[in-house]
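Reading the structure
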Amino acid sequence: MSSAIDELLDNAAAYEARFPGPRATIPARHVTVVTCMDSRIDPFAIFGLKTGEAHILRNAGGLATDDVLRSLVLSQRLLMTREILLMQHTRCGLHGADEAALRRKIVAETREEPPYEFGAFEDIDRSVRETVATVRAHRFLPHRDRVRGFVYDVDTGRVREVTD
Ligand SMILES: [Zn+2]
């Protein structure tokens, strides 16, 4: 049976031939992008980034989970990033998802309660504002003055800022 991973590994072998060369560990633009895992979002293309220029943190929703906060603290304290760009997007799988039903199904199948929230939301602008607020309130982060939130439209490619 053919596997997507096998195909990706063929591509990786070809990539080695055009590898752009080593980069510094510290991101050259001193910025971290937090966004959703959605396959339609290409942060490098959208923001004109090259390898070595930014940290990219992704999870379902692009939410400020404990692990994203952990990574942001390391990004700023050890790897000298200064700004945080938070970006959620239209037609996200978590937008309007029935979190309670998902939990019930998992509990019915496994007899265990998931130890984390999945983060379903109803209002995307509100979700972005809450994510920005969570990051700005995280006192382990030394740089919280340049934290901005955005919505990416997966049907047009437009990036819209969500203001306070
Ligand atoms: Zn999403």
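Since this is a predicted model, take the numbers as computed values, not measurements.

Quick notes on the nonpolar core
Core analysis: the biggest nonpolar cluster contains 32 residues, and Val34, Leu72, Ile84, Leu86 and Val135 have the highest contact counts within it. Taken together, the elements giving at least two residues each to this core come down to strand S1 (31-36), strand S2 (54-59), helix H3 (66-77), strand S3 (83-89), helix H5 (124-136) and strand S4 (147-152). Beyond its immediate chain neighbours, meaning those up to four positions away, valine 135 contacts Ala64, Leu69, Leu72, Ile84, Leu86, Leu141, Arg144 and Val147.

What to know about the sheet that holds S1
Where strands meet in a sheet, backbone hydrogen bonds hold them as pairs that are either parallel or antiparallel. The mixed open sheet is built from 5 strands, whose spatial order is S2-S1-S3-S4-S5. Every interior strand has two partners, whereas the edge strands, S2 and strand S5 (159-162), have only one. Here the average twist between neighbouring strands, direction ignored, is 25°. Direction of pairing for S4 relative to S5: antiparallel, over a ladder of 4 bridges. Bridge pairing in S5 places valine 151 opposite arginine 160. Seen against the sheet, H3 touches S1, S2 and S3 and runs at an angle of roughly 175° to S2. H5 rests against S3, S4 and S5 of the sheet, and its axis sits at about 155° to S4.

A few points about the pairing of S3
Within a regular strand, the side chains alternate between the two sheet faces. By the criterion of burial, S3 is predominantly enclosed, with 6 of the 7 residues buried. Relative to S3, S1 runs parallel, the two sharing 5 bridges. Bridge pairing in S3 places valine 33 opposite leucine 85. Bridging between S3 and S4 involves 6 bridges; their strand directions are parallel. Opposite isoleucine 84, over in S4, you have valine 147 as the bridge partner.

Re the coordination of the zinc ion
Around the zinc ion, the protein contributes the donor atoms Cys36 (SG), His89 (NE2) and Cys92 (SG), which lie 2.0 to 2.2 Å from the metal centre. Sequence spacing of the donors to the zinc ion: C-x52-H-x2-C. Neither residue differs from the other here; histidine 89 and cysteine 92 are each classed as buried.

A word on unusual backbone geometry
The residue histidine 30 is not glycine, and still its phi comes out positive at about 55°. By the element assignment, histidine 30 lies in the loop between helix H1 (4-17) and S1. The backbone of arginine 91 sits at a positive phi, close to 55°, despite the residue not being glycine. Within the fold, arginine 91 resides in the loop between S3 and helix H4 (99-110).

Rules used in this analysis
- Residues numbered from 1 in each chain as written.
- Predicted model: local features only at pLDDT ≥ 70, side-chain atom pairs only at ≥ 80, totals over all residues.
- Heavy atoms only, no water.
- Core = buried A, V, L, I, M, F, W, Y, C linked by side-chain atoms within 4.5 Å.
- Buried < 20%, exposed > 50% of the residue type's maximum accessible area, 1.4 Å probe, protein only.
- Helix = DSSP H or I, 4+ residues; strand = E, 2+ residues; numbered from the N terminus.
- Contact = heavy atoms within 4.5 Å.
- Pairing = 2+ DSSP bridges.
- Axes fitted to C-alpha atoms, helices over the stretch in contact; angles between N-to-C directions.
- Donors = N, O, S within 2.8 Å, 3.2 Å for Na, K, Ca; no water.

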